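Listed here are the chains, written in short residue letters.
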Amino acid sequence: MSDSSSLTGKTLFITGASRGIGLAIGLRAARDGANVAIAAKTAAPHPKLEGTIFTAAEQIERAGGKALPLVVDVRDEEAVRDALDRTANTFGGLDIVVNNASAISLSTTPKTEMKRFDLMHQINTRGTYMVSKYAIPYLEKAENPHILMLSPPLDMAEKWFAPHLAYTMAKFGMSLCVLGLAGELRSRGIAVNALWPRTTIATAAVQNLLGGDALMQASRTPEIMADAAHALFLKDARGITGRFLIDDTFLAEEGVTEFSKYRVTAGVPLAPDFFVPETSVAPPGALD
């Protein structure tokens, strides 16, 4: 199978796709004429978070795709199974699953309530595992199936765990799913990979939880992650699996040389994201 040049007619199931990186990935696919199932919890407007599954669906349709808004809590087994079934029935199959839904709390161990610990592990690790598990029967029927986790490289360095152990464990749990499922599903031709940003990305989490306006200005836009995911989904699933990709490095591999367009504010030094290994070097000029 050769690499494709478009996602026309492909069906994506994206968790947490009502805003941010998940929505950006959906919009990039929609520009090709893809079908996008928006699997997220936000059905009614939130006072601090922009967008719902319905506003996201409108954007997908305007971009040229077909949308299926689905109210899905990835902790709910029945809801996940039903949403995947509805997606496959609506669009005649399923080609790509994006595990983007995630919960974050950057707290030390004494300050992490167990209900917050449970929430992060139920959404990040368990949700990723469960969505992937129930997607397998549909993906096995696809021509070029991909599972993508928005999760970091498995860099087992103390500095990533000590400041916020519970969150790191939950995010690395998503990455462990990549490691295991890539091996488990390789013989079935289903690609399983991870994608992570080198810098902070301008999302609601960065605005509300991490650094406010200052960090937003020092971030890249979600479009860099969307372009990287799009490039990945076009590749032969049997030729790329089990990889932990960093957005700009992967785009550089694919021939991208211009990264300034992804900056929120020109001239502001970019802020590094968590979990990027010291061995990962940015492409020449990417951070200039």
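Here we summarise the structure given alongside this text. Bear in mind the structure is a predicted one, so any value in this text is a computation, not a measurement. (Residues numbered from 1 in each chain as written. Predicted model: local features only at pLDDT ≥ 70, side-chain atom pairs only at ≥ 80, totals over all residues. Heavy atoms only, no water.)

What about the overall build of the protein chain?
For step 1, the next point in the chain: Counting secondary structure elements, the protein chain contains ten helices and seven strands.
For step 2, the next point in the chain: Taken over the C-alpha trace, the protein chain has a radius of gyration of 18 Å; the compact-globule value for 288 residues is 19 Å, and the two agree within 12%.
For step 3, the next point in the chain: The principal-axis extent of the C-alpha atoms belonging to the protein chain is close to 45 × 45 × 40 Å.
For step 4, the next point in the chain: Residue pairs at least 24 apart in sequence account for 75% of intrachain contacts in the protein chain once pairs closer than 6 positions are excluded. (Helix = DSSP H or I, 4+ residues; strand = E, 2+ residues; numbered from the N terminus. Rg over C-alpha atoms; globule rule 2.2 N^0.38 Å. Contact = heavy atoms within 4.5 Å.)

A word on the packing of aromatic side chains
For step 1, the next point in the chain: Under the counting rule described, the total for this entry stands at seven aromatic pairs.
For step 2, the next point in the chain: With a centroid separation of 5.8 Å and 70 degrees between ring planes, the pair formed by Trp-160 and Phe-275 is classed as edge-to-face. Taken together, the residues span a long stretch of sequence, with Trp-160 in helix H5 (residues 158-161) and Phe-275 in the segment after helix H10 (247-253) at a distance of 115 residues.
For step 3, the next point in the chain: Phe-275 sits in the buried class, given a relative accessible area of 0%.
For step 4, the next point in the chain: Both rings, one in Phe-259 and one in Tyr-262, keep their centres 6.4 Å apart while their planes meet at 50 degrees; by these two values the pair is tilted. (Phe/Tyr/Trp six-rings, centres within 6.5 Å; stacked < 30°, edge-to-face > 60°. Buried < 20%, exposed > 50% of the residue type's maximum accessible area, 1.4 Å probe, protein only.)

Describing the sheet that holds strand E4 (residues 96-99)
For step 1, the next point in the chain: In spatial order, the strands read E3-E2-E1-E4-E5-E6-E7; together these seven strands make up an open sheet with parallel pairing. Edge positions in the open sheet fall to strand E3 (66-71) and strand E7 (244-246), since each of these has one partner strand only. The sheet shows a mean angle of 20 degrees between the axes of neighbouring strands, taken without regard to direction.
For step 2, the next point in the chain: Where E4 and strand E5 (residues 146-149) come together, four bridges link them in parallel fashion. In the sheet register, Val-98 faces E5, and the bridge partner there is Leu-148.
For step 3, the next point in the chain: Where helix H4 (residues 114-139) meets the sheet, its contacts fall on strand E1 (11-15), E4 and E5, and the angle it forms with E4 comes to roughly 180 degrees.
For step 4, the next point in the chain: Each of E4, E5, strand E6 (191-196) and E7 is contacted by helix H6 (residues 165-185), which is oriented at about 150 degrees to E6, the strand it contacts most. (Pairing = 2+ DSSP bridges. Axes fitted to C-alpha atoms, helices over the stretch in contact; angles between N-to-C directions.)

Let's talk about the pattern of salt bridges
For step 1, the next point in the chain: Under the definition given, this model contains eleven salt bridges.
For step 2, the next point in the chain: Among the salt bridges present, the one from Lys-115 reaches Glu-113, with a minimum N-O distance of 3.9 Å.
For step 3, the next point in the chain: Taken together, the shared-partner salt bridges in this structure form one network comprising Arg-28, Asp-32 and Asp-227. (Salt bridge = Lys/Arg side-chain N within 4 Å of Asp/Glu carboxyl O.)

Thoughts on the nonpolar core
For step 1, the next point in the chain: If you look at the biggest cluster of nonpolar residues, it comprises 45 residues, and the most contacted ones within it are Phe-13, Val-97, Ile-147 and Val-192.
For step 2, the next point in the chain: Excluding residues within four positions of it along the chain, Val-97 makes contact with Phe-13, Val-131, Ala-135, Leu-139, His-146, Ile-147 and Leu-148.
For step 3, the next point in the chain: Ranked by size, the runner-up nonpolar core spans 41 residues in total, among them Ile-21, Ala-30, Leu-150 and Phe-250. (Core = buried A, V, L, I, M, F, W, Y, C linked by side-chain atoms within 4.5 Å.)

Here's the deal with helix H9 (residues 223-233)
For step 1, the next point in the chain: Judged by how many residues are buried, H9 sits mostly within the fold: ten of eleven residues are covered.
For step 2, the next point in the chain: Listed in full, the buried residues belonging to H9 are Ile-224, Met-225, Ala-226, Asp-227, Ala-228, Ala-229, His-230, Ala-231, Leu-232 and Phe-233.

Some remarks on the environment of Phe-172
For step 1, the next point in the chain: Within the secondary structure, Phe-172 sits in helix H6.
For step 2, the next point in the chain: Along the chain, Phe-172 and Asp-118 lie 54 residues apart, while their C-alpha atoms are 15 Å from each other.
For step 3, the next point in the chain: Setting aside its immediate chain neighbours within four residues, Phe-172 contacts Pro-152, Pro-153, Leu-154, Asp-155, Met-156, Phe-161 and Phe-275.

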